[in-house]
Amino acid sequence: MEPEITALAAGAGTALVTALATEAWQTATVGLVALWRRLLPERADGVEAELEATRDDLLGAQDEGDKETPAELAAEWQGRIRRLLSAHPEAADELRALLVPQQEQPPAAPAITQHATASGKSRVYQAGRDMHLGPQ
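Quick caveat, the model's predicted, so the values are computed rather than measured.

Visitor: Quick question: what am I supposed to make of the pattern of salt bridges here?
Guide: Applying the stated criterion across every chain, the model contains seven salt bridges. Taking the shortest distance from any N to any O, the salt bridge between arginine 96 and glutamate 4 comes out at 2.6 Å. You can see arginine 96 sitting in helix H5 (residues 92–99) and its partner glutamate 4 sitting in helix H1 (residues 2–20), a full 92 residues away along the chain. For arginine 96, a relative accessible area of 29% puts it in the partly exposed group. Given a relative accessible area of 41%, glutamate 4 falls into the partly exposed group. Across the salt bridge formed by aspartate 45 and arginine 37, the nearest N and O atoms sit 3.4 Å from each other. With relative accessibility at 53%, the residue aspartate 45 sits in the exposed group.

Shown next, in the form of structure tokens:
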């Protein structure tokens, strides 16, 4: 399972650092700290402080136009997450669930409002999506 853990940790580190630079940073932080608190409670406070420091470093690097710091920060978190998953591989699914950003979830179907008026011998055909007329 080690290659799978390594791949998951790599994706998680990158996703985490990306989230820390967006409005989703609080959700990412709370989720990851909760995972650490459950698996390694003695390290959870330190992880929370490190996430805050990472966010500060990341925002500072963005302000300065530093393109290398985000990758370095992602690599640091990849290592931390890999070590966590190596010790607790059962947490892989929980970590995957934390990584699914809201925007990647399928969008809700748009609301459709239709209005039609028919008079005389006219017909109205309306569909909110595909419409098939005739023999099939």
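Let us keep going from here.
Visitor: Please clarify how H1 should be interpreted in this entry.
Guide: Since there are 3.6 residues in each turn of an α-helix, residues three or four apart along the chain are aligned in direction. When the terminal C-alpha atoms of H1 are compared, their 26 Å separation across 19 residues agrees well with the 27 Å that a helix rising 1.5 Å per residue should span. Residues of H1 that are buried make contact with helix H2 (25–39), helix H3 (41–64), helix H4 (69–87) and H5.

Visitor: Can you walk me through a nonpolar patch on the surface in this structure?
Guide: Together, Tyr125, Met131 and Leu133 give the surface a local cluster of nonpolar side chains, amounting to about 320 Å² of exposed area. Position of methionine 131 relative to the elements: it lies in the segment after H5.

Reading the values: rules and limits
Residues numbered from 1 in each chain as written. Predicted model: local features only at pLDDT ≥ 70, side-chain atom pairs only at ≥ 80, totals over all residues. Heavy atoms only, no water. Salt bridge = Lys/Arg side-chain N within 4 Å of Asp/Glu carboxyl O. Helix = DSSP H or I, 4+ residues; strand = E, 2+ residues; numbered from the N terminus. Buried < 20%, exposed > 50% of the residue type's maximum accessible area, 1.4 Å probe, protein only. Expected span 1.5 Å × (residues − 1). Contact = heavy atoms within 4.5 Å. Patch = residues over 30% accessible without salt bridge, like charges linked within 9 Å, V, L, I, M, F, W, Y side chains within 5 Å. Areas by Shrake-Rupley, 256 points an atom, 1.4 Å probe, with all protein chains shown as cover.

By themselves, these figures tell us nothing about what the structure is for.
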